[in-house]
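The chain contents come next:
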Amino acid sequence: GGSGASDALAAAVESRTPAGVLPAALNGGRTDSTTTTRVSTPSGLPKPSFAINISPKLSPLVDLLHETQTVMISLRGPHGTDIIGGVLGCLSKHNCQIIDFSLSRLHHDVTFGVLVHLHNGDVDLFSDLAETAQKWDGTLTFDVQNARLKASVLSGQSQYKLDEAPYAQRVKYIATVLNERGLGPEFLSAWLKWLLKKKISVEQMRRLDKHSELMCVEFRLSVPDTLSLEEMKAELFTLSTGFQTDVALQPDNVFRRQKRLVVFDMDSTLIQQEVIDEIARATGIEKEVSAITESAMRGEIDFKESLRRRVALLKDTPIGALEEVKQQLVFTEGAHYLCRALKNAGFKLAVISGGFIPLAKYVKNELGLDYAFANQLQVSPDGKRLTGETVGPIVDAVRKSELLEVIAQAEGIAIDQVVAVGDGANDLLMLGKASLGVAFNAKPK
């Protein structure tokens, strides 16, 4: 029973642990949920601790001396590789079967966890692990479960079967949360409360940024398959808006990990300006054009109509103004590095802009992109001035979405492997078409 199990562990640890260990908590067959022994040096300086976890509810099923045990072992401390080696050395010595493991690091602190089968009640393993913990200034915990728990465990007066546990009928998702001003405990608490409300389990957390303040975390989630992705996105939109924190939710499948095409908007995305405003500035009509541009980006007027009005204001503008603007373009911080990294990773890259072809081609060449689509300005017969009109199809929201699909088809890339990045109302259909849409410094709508 549980009393004999604790006595056996206590005897093993007490007989094998070096001088200075105080096994005071391991006595009398106690089956507290956590029993801890603090290790101290003769001088009284704090040393590592280890804990034995045996649930009182499971004590009728535990018999360390006669059965194969499932044991969860965790060792935490500042000596990462030594800790891993020490635990594995103990497991090798006692011929344990490794079922699973995990490794996490928080600054210099490393936690190595391993799930094993321990055969024939070899309780000497625990005292060897205690010595290893002391040697490497670590904190050791282990949780002993009876092998029969594979079938069921006692939970109060009821029988709780593992096939009823929250692992069947689940779908895996990846949620990425981001706030460039820092992820505070208020949002993270609200986020976890939402997960709990939806009975969503967190399987893994991984920090993605390297700033001094926490800004971006990736969560691997186990989600009940009864939950609708669209409904979850709608609720998360409300949550993220309330905390001004981005939350991207994607199915965790091969397509998420194998993106192959990224399509960018140009103005206020790859570059910091709106090119038509820069052309207007060069000709002295900046205020009139900017007002129409802002209204269009907010979705207040139709893009085609806004473009027609703005281009009409550019009538008789010298063609040389485009060259002046080209020299004044400021690329968004990190744009060159991002595009170079994506190209090195084998991505195809495109810019699809509601701006104009001469400037889109310049951006394409500067960043090493594969495709550039934009509106074509009509030029006077002598080639010296703009006529105030465009030539060919207008690159509006619908056209952007169509071009994204055309590029994907031309490259033999599934839509599930496409990422789109933009900032305005004109980009919404394109962002919705791609498997991952990134609203970069998005305009209000």
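Quick caveat: nothing in here was measured; it's all calculated off a predicted structure.

So, how was this worked out
Residues numbered from 1 in each chain as written. Predicted model: local features only at pLDDT ≥ 70, side-chain atom pairs only at ≥ 80, totals over all residues. Heavy atoms only, no water. Helix = DSSP H or I, 4+ residues; strand = E, 2+ residues; numbered from the N terminus. Buried < 20%, exposed > 50% of the residue type's maximum accessible area, 1.4 Å probe, protein only. Contact = heavy atoms within 4.5 Å. Areas by Shrake-Rupley, 256 points an atom, 1.4 Å probe, with all protein chains shown as cover. Arc of directions from axis to C-beta. Pairing = 2+ DSSP bridges. Expected span 1.5 Å × (residues − 1). Axes fitted to C-alpha atoms, helices over the stretch in contact; angles between N-to-C directions. pLDDT = per-residue confidence, 0-100. Right-handed = clockwise from strand over helix to strand, strands pointing away. 1 Å grid on protein atoms, 1.4 Å probe; cavity = no way out; pocket = protein on both sides within 12 Å on 5 of 7 lines; lining within 4 Å. Points joined across faces, edges and corners; volume = space filled by probe spheres on them. Nonpolar A, V, L, I, M, F, W, Y, C, P; charged D, E, K, R; others polar.

Focus on the overall build of the protein
- Counting its regular elements, the protein contains 14 helices and 18 strands.
- Counting every position in the protein, which comprises 445 residues, the buried fraction comes to 44%.
- Considering only residue pairs separated by 6 or more positions, the protein has 66% of its internal contacts joining residues 24 or more positions apart.
- Surface accessibility of the protein: about 23,000 Å² in total, with carbon and sulfur atoms responsible for 53%.

Describing helix α10 (residues 320-328)
- Listing the buried residues of α10 in full gives Ala321, Leu322, Val325 and Lys326. The buried residues of α10 occupy one face: seen down the axis, they fall within an arc of 145°.
- Contact partners of the buried residues in α10: α7 (275-283), α12 (357-367) and β15 (371-379).

Here we look at the pairing of strand β16 (residues 386-391)
- As paired elements, β15 and β16 share 3 bridges and run antiparallel to each other. The partner of Gln376 across the bridge, within β16, is Val391.
- Linking β15 to β16, which pair antiparallel, is a turn of 6 residues; within it Gly383 sits at a positive phi near 75°.

Notes on helix α3 (residues 124-135)
- When the terminal C-alpha atoms of α3 are compared, their 17 Å separation across 12 residues agrees well with the 16 Å that a helix rising 1.5 Å per residue should span.
- Taken across its 12 residues, α3 has 9 buried, putting it largely inside the fold.
- For α3, the set of buried residues is Leu125, Phe126, Ser127, Asp128, Leu129, Ala130, Thr132, Ala133 and Gln134.

Observations regarding the sheet that holds strand β13 (residues 261-264)
- Strand order in the open sheet formed by 6 strands is β16-β15-β14-β13-β17-β18, and the pairing between neighbours is mixed. One side of each edge strand has no neighbouring strand; the edge strands of this open sheet are β16 and β18 (436-439). Looking at each pair of strands side by side, their axes are set apart by 25° on average, direction ignored.
- Both β13 and strand β14 (residues 348-356) contribute to a ladder of 4 bridges, which runs parallel. Bridging from a neighbouring strand, Phe264 pairs with Val351 of β14.

Observations concerning the confidence of the model for the protein
- Here the protein shows a mean pLDDT of 80. Residues at 70 or above account for 79%.
- Taken together, the stretch residues 1-66 has pLDDT below 50 and engages in 118 contacts with residues farther than four places along the chain or on a different chain.
- Of the regions scoring below 50 in pLDDT, residues 147-165 engages in 25 contacts with residues more than four places distant in sequence or in other chains.

Overview of the sheet that holds strand β9 (residues 170-178)
- Pairing is antiparallel across the open sheet formed by 4 strands, whose spatial order is β10-β11-β9-β12. Each edge of the open sheet carries a strand with a single partner, namely β10 (201-207) and β12 (246-251). Strand-to-strand, the axes of this sheet are offset by a mean angle of 20°, without reference to chain direction.
- Relative to β12, β9 runs antiparallel, the two sharing 6 bridges. Looking across to β12, one finds that Tyr173 is bridged to Pro251.
- Taken strand by strand, helix α4 (residues 185-197) contacts β9, β10, β11 (216-224) and β12, and its axis lies near 15° from that of β11.
- Along the sheet, helix α5 (residues 229-243) contacts β9, β11 and β12; its crossing angle with β12, the most-contacted strand, is approximately 165°.

A word on the pairing of β18
- Across 4 bridges, strand β17 (residues 418-422) lies against β18 in parallel orientation. Bridge pairing in β18 links Gly422 to Ala439.
- Handedness of the β17-helix α14 (residues 428-433)-β18 crossover: right-handed.

Let's talk about the layout of surface pockets
- What the second largest pocket holds in volume is close to 610 Å³.
- What lines the second largest pocket is a set of 16 residues, among which Ser104, Arg105, Met205, Arg206 and Arg207 lie closest to the centre.
- Per-class residue counts for the lining of the second largest pocket are 5 nonpolar, 7 polar and 4 charged.

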